[in-house]
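Fold and contact review
Chain by chain, the residues run as shown.
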Amino acid sequence: MSNVKCQMSKKGFTLIELMLVVIIIGVLVAMVAPRFAGRSKQAKITAAKADIEANIAVALELFELDNGRYPTSEEGLNALRAEPSDLESWKGPYIKKRIPVDPWGNSYQYKCPGEHGDDYDLFSCGPDRVVGGGDDITNWEEGASSE
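Let me sum up the structure you'll find in this document.

The rules behind these values
Residues numbered from 1 in each chain as written. Predicted model: local features only at pLDDT ≥ 70, side-chain atom pairs only at ≥ 80, totals over all residues. Heavy atoms only, no water. Phe/Tyr/Trp six-rings, centres within 6.5 Å; stacked < 30°, edge-to-face > 60°. Helix = DSSP H or I, 4+ residues; strand = E, 2+ residues; numbered from the N terminus. Buried < 20%, exposed > 50% of the residue type's maximum accessible area, 1.4 Å probe, protein only. Pairing = 2+ DSSP bridges. Lys, Arg positive; Asp, Glu negative; His and termini not counted. Salt bridge = Lys/Arg side-chain N within 4 Å of Asp/Glu carboxyl O. Polar contact = N/O pair within 3.5 Å; in protein donor to acceptor, adjacent residues only side chain to side chain. Contact = heavy atoms within 4.5 Å.

Glancing now at the packing of aromatic side chains. With the rule as written, the count across this model stands at five aromatic pairs. Considering the side-chain rings of Phe-63 and Tyr-94, the 5.6 Å spacing of their centres and the 70 degrees angle between planes classify their relative orientation as edge-to-face. Residue Phe-63 is found in helix H1 (residues 15–67), and its partner Tyr-94 is found in the loop between H1 and strand S1 (109–111); the two are separated by 31 residues along the sequence. Here Phe-63 matches Tyr-94 in class, with each residue buried. Seen from their ring centres, Tyr-110 and Tyr-120 are 5.9 Å apart, and the 35 degrees between their planes marks the pair as tilted. Of this pair, Tyr-110 sits in strand S1 while Tyr-120 is found in the loop between S1 and strand S2 (121–124), placing the two residues 10 residues apart along the sequence. Each of the two residues, Tyr-110 as well as Tyr-120, counts as buried. Each member of the aromatic cluster is reached from another via a ring pair, and the members are Phe-63, Trp-90 and Tyr-94.

Right, here's the structure in full:
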């Protein structure tokens, strides 16, 4: 056997280099995270507006075209999925899957006839989950009424 000595090279990161990388990543996260935090709330509000002004509204309009009226408050939005007993011209379901819930996990509120100048009121209680809490997302303009 020959006396060949292998030299092992020690390559790698030192503890100080690893700590510097962690600190740099921490600083970047601290700078970027606050900018995205407000976006999450805004994205949820936008999603609720899309449901109220487009998705559910279109289903309600199709229901009204077929039946000559909007669902009553008692029938609620469930009339878009299951045929009410007193209708003969129901051609639903008008919403394919299930009645959507708002981005905060609550049911959309529906009243017909509406109290705010439209045929119906459709709204989400918003992030505070309280009716009239000031952050409701509605299908009417604030300050408008049927009076």
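Before going further, it helps to spend a moment on the sheet that holds strand S3 (residues 137–138). Reading across the sheet, the three strands line up as S1-S2-S3 and stay open at both edges, with antiparallel pairing between neighbours. The open sheet has two edge strands with one neighbour each: S1 and S3. By the bridge criterion, two bridges tie S2 to S3 in an arrangement that is antiparallel. Directly across from Ser-124, in S3, lies its bridge partner Ile-137.

With omega at 5 degrees, the peptide bond leading from Gly-92 into Pro-93 counts as cis. One can find Pro-93 in the loop between H1 and S1. A cis geometry characterises the amide bond from Cys-112 onward to Pro-113, with omega recorded as 5 degrees. With respect to the helices and strands, the residue Pro-113 is situated in the loop between S1 and S2.

Relative to the assigned elements, Asp-102 resides in the loop between H1 and S1. The buried charged residue Asp-102 lacks any salt bridge, with Arg-129 as its nearest oppositely charged partner at 6.0 Å. A polar side-chain atom of Asp-102 sits 2.7 Å from a polar atom in the side chain of Ser-124. Beyond its immediate chain neighbours, meaning those up to four positions away, Asp-102 contacts Tyr-108, Ser-124, Cys-125 and Gly-126.

Read these as geometric descriptors, not functional statements.
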